[in-house]
Amino acid sequence: MASENIKAPKKAGILLRFGYLLSAQGVDAALSAVFFLYLAWLNSSLYGEVMYALAASSIVMTMVDFGLYYPLVVNLGAATKEESGPIIVRVIALRLILLIPATLFIGGMIMYRKFSLQMGIVFFLICLGVALESVAETFFAGMRVEGRQDKEARIKITANTAAYMFGFLTAALGAPPLVVGFYKLVSASVKLLSGIAANFGTVALRLMRQVRLSDLKIVFLAALVFALIDILGNFYNKTNIFFIQKVAGITSVAYYTATWNIVDGISVLASSQFLAWVIFPLLASTYAERRSELGNLVRTNALWLLVIAFPLMMILAVESNLIIRLLYPPEYSDAAWMQKMLVWTIVLSFENNLFCYLMMVAGAGRMLLLFASLVTVTNLVLNAVLVPRYGLVGACLVIIFTKMSMTILTFSYCQERFGFFQLYDLVMPATLGVGLVGLYVFASTFIHYQVALASALAAYGAGAYLWGPKRIGRPNAV
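Given the structure is predicted, the values throughout are model-derived calculations rather than measurements.

Conventions adopted
- Residues numbered from 1 in each chain as written.
- Predicted model: local features only at pLDDT ≥ 70, side-chain atom pairs only at ≥ 80, totals over all residues.
- Heavy atoms only, no water.
- Helix = DSSP H or I, 4+ residues; strand = E, 2+ residues; numbered from the N terminus.
- Rg over C-alpha atoms; globule rule 2.2 N^0.38 Å.
- Buried < 20%, exposed > 50% of the residue type's maximum accessible area, 1.4 Å probe, protein only.
- Areas by Shrake-Rupley, 256 points an atom, 1.4 Å probe, with all protein chains shown as cover.
- Contact = heavy atoms within 4.5 Å.
- Axes fitted to C-alpha atoms, helices over the stretch in contact; angles between N-to-C directions.
- Parallel < 35°, antiparallel > 145°, perpendicular 65-115°, else oblique.
- Left-handed = near helix turned anticlockwise from the far one by under 90°.
- Nonpolar A, V, L, I, M, F, W, Y, C, P; charged D, E, K, R; others polar.
- Patch = residues over 30% accessible without salt bridge, like charges linked within 9 Å, V, L, I, M, F, W, Y side chains within 5 Å.
- Salt bridge = Lys/Arg side-chain N within 4 Å of Asp/Glu carboxyl O.
- Core = buried A, V, L, I, M, F, W, Y, C linked by side-chain atoms within 4.5 Å.
- pLDDT = per-residue confidence, 0-100.
- Phe/Tyr/Trp six-rings, centres within 6.5 Å; stacked < 30°, edge-to-face > 60°.
- Expected span 1.5 Å × (residues − 1).
- Bend = angle between axes of the 7 residues up to and from the residue.

What follows deals with the overall build of the protein. In terms of regular secondary structure, the protein is built from 20 helices and zero strands. In terms of overall size, the protein behaves like a compact globule, its C-alpha atoms giving a radius of gyration of 23 Å where 478 residues would be expected to give roughly 23 Å. Dimensions of the protein, computed from C-alpha atoms along their principal axes, come out at roughly 65 × 60 × 40 Å. By residue count, 52% of the 478 residues in the protein fall in the buried class. Within the structure as shown, the protein displays about 21700 Å² of accessible surface, and the carbon and sulfur contribution to it stands at 69%.

Below, the discussion takes up the side chain of E152. Relative to the helices and strands, E152 resides in helix α7 (residues 149-172). Given the relative accessible area of 0%, E152 is considered buried. In this structure E152 touches L21, F140, M143, R144 and W277, once residues within four positions along its chain are discounted.

The next thing to look at is the packing of helix α3 (residues 44-65) against helix α5 (residues 81-113). Two elements in contact, α3 and α5, have axes separated by 8 Å at closest approach and are oriented at 150 degrees. Relative to α5, the element α3 lies roughly antiparallel. By crossing handedness, the relation of α3 to α5 is classed as right-handed. Along its contact with α3, which presents Y52, A56, I59, V60, M63, V64 and D65, the element α5 presents R95, L98, L99, P101, A102, F105, I106, M109 and R113. Classifying every residue of the contact of α3 with α5 by side-chain character gives 13 nonpolar, no polar and three charged.

With that settled, consider a nonpolar patch on the surface. Taken together, the side chains of L439, F442, F446, I447 and V451 present a nonpolar region at the surface, about 500 Å² in accessible area. In this fold, I447 is placed in the loop between α19 (427-443) and α20 (449-472). Judged by relative accessible area, I447 falls into the partly exposed class, the value being 37%.

Moving on, we come to the pattern of salt bridges. For the structure shown, the criterion picks out 11 salt bridges. Note that E293 and R290 form a salt bridge whose closest N and O atoms lie 3.2 Å from each other. According to the relative accessible area criterion, R290 is buried, its value standing at 15%. One salt-bridge network, in which partners are shared between bridges, spans E137, R144, E152 and K156.

Among the nonpolar cores identified, the biggest contains 154 residues, and F123, Y256, F280 and L283 are the most heavily contacted of them. With 19 residues, helix α13 (residues 250-289) is the single largest residue contributor to this core. For F123, the residues in contact, after removing those within four places along its chain, are Y52, A53, A56, I106, M109, I110 and F115.

Here helix α15 (residues 320-327) crosses helix α16 (residues 334-342) at 135 degrees, and the two axes come no closer than 8 Å. By the criterion of interaxial angle, the relationship of α15 to α16 is oblique. Viewed along their axes, α15 and α16 form a crossing whose handedness is right-handed. On α16, the residues touching S320, N321, I323 and I324 of α15 are A335, A336, Q339 and K340. For the contact of α15 with α16, a count of residues per class yields four nonpolar, three polar and one charged.

On average, residues of the protein carry a pLDDT of 85, and 94% of them reach 70 or more. Within the protein, helix α1 (residues 2-6) has the poorest average pLDDT of any element, 38, and helix α18 (residues 365-418) the best, 95.

Moving on, we get to unusual backbone geometry. Of note in the backbone geometry, F66 takes a positive phi value of approximately 50 degrees without being a glycine. Inspection of the secondary structure puts F66 in the loop between α3 and α4 (69-77). On the basis of relative accessible area, F66 is assigned to the buried category, the value being 18%.

This paragraph deals with the packing of aromatic side chains. According to the stated counting rule, one finds 25 aromatic pairs in the structure shown. Relative to Y164, the ring of F35 has its centre 5.6 Å away and its plane inclined at 55 degrees; by these criteria the two rings are tilted. In this pair, F35 is assigned in helix α2 (residues 14-42) and Y164 in helix α7, connecting sequence segments 129 residues apart. Between Y255 and Y332 the ring centres are 5.2 Å apart and the planes differ by 70 degrees, which places this aromatic pair in the edge-to-face class. Of this pair, Y255 sits in helix α13 while Y332 sits in the loop between α15 and α16, placing them 77 residues apart in sequence. The exposure class of Y255 is buried, given its relative accessible area of 16%. Given the relative accessible area of 19%, Y332 is considered buried. Taken together, the aromatic side chains of F35, F36, Y38, Y164, F168 and Y183 make up a single cluster linked through ring pairs.

A word on α7. With 24 residues, α7 should cover 34 Å at 1.5 Å per step; its first-to-last C-alpha distance of 34 Å lies within 8% of that length. Positive phi shows up at G174, right after α7, with a value of about 80 degrees.

Within the element layout of this structure, E289 appears in helix α13. Note on E289: relative accessible area 10%, which makes it buried.

This next bit is on the environment of V437. With respect to the helices and strands, the residue V437 is situated in helix α19. Relative accessible area serves as the criterion here: at 41%, V437 is assigned to the partly exposed category. Spatially, the C-alpha atoms of V437 and L457 are 9.5 Å apart, while their sequence positions differ by 20 residues.

Moving on to helix α6 (residues 117-145). With 29 residues, α6 ought to run about 42 Å at 1.5 Å a step, and its terminal C-alpha atoms sit 43 Å apart, in line with that. Within α6, the axis deviates most sharply at F139, by approximately 30 degrees. Immediately downstream of α6, the backbone of G147 shows phi near 75 degrees, a positive value.

Laid out in structure tokens, this is it:
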């Protein structure tokens, strides 16, 4: 196809692209941790204001994102270089329009909560900065489709470094809190300007003037399906918390969320950093340009996700007592046994998200919305039946069965439509998984459980390294 000749060459394999994004995430995590600790010691009032604003900004970010990322990536994957610019600009324009209700929400929060002038300004600046960073994510979608996560990582590292250095310097020099609050706008400005320079240069304004309202309506309606999918997904992942509070009280909610934040954090790392930012753009371009390679790409990544998930689940299950004891007070001991159950959501989340992204690139967004709706209803029924009867055990079963239901639906659709998988494809991951558990159980009867775990993981890693590439392909092949 013509687009194959025009697009920028792929610069790195899958694992290296993931590594670039992890490096940017690592820099952001390190700088933010040091900055917030510094603020906490320097001025507890300012620290509280910043933390409150960051918590509220997640709502603003959701409003500006509005599910636009998914159709944007799908459209860019099928577009030529000349077509990519107008596609990106239309999404930029729509997100700027969505800034209006987001800004009204920020103002409404300030008035409703009756913030002081200082608190109101800090709140507004940070929320606005986060909203503009969401606008800048539009440019990064284009880079991901081109396989240029290295460029994205450089921009993010530069932007985050500039933002936190600004925050450090203004706070250290005793500047007013409203000045320190500009740090998020510094980050957003660097990302926006770098995105414009990398994608358009001087033609950005000309492209913006060419945007028509009818084009934006089409983009909005296309994104609406994905926005609803996101909303339903966020809803059914959290409903059991409300049922726990009603049945067992707020203390039980604390125990459940203590371990859920650990387990779900790993799932989010895979679903946002790896699947959404690396695999999904690759699926989109492969589906549009080299569809014959799609089956191998999906099958290889699905099986490697299984191989990766099993040792993570094993570590979290076996070391649940130690992990909870290190992170939380003694009264959180119930979180340890819940963690042993909740680890099953990791492998289900890994696989489900991959199949969801495949459905998106294949134009099955409405079917995916139907699945999300059915699973939401199932989730509510499970909550009503299991939580009152079994308490925290029931709550754990609810989220496991919910994710299992979604995985079964998405996998069944993809298998029926594409037929990428054969039963023997599961032999290698299943054998490794059974071997991991069996070796640990056997070894732990003779040696300390941690030594047994380390030995079992070492054997598992050796087996995956030697057997995996031959049976399911190399994980970083494009």
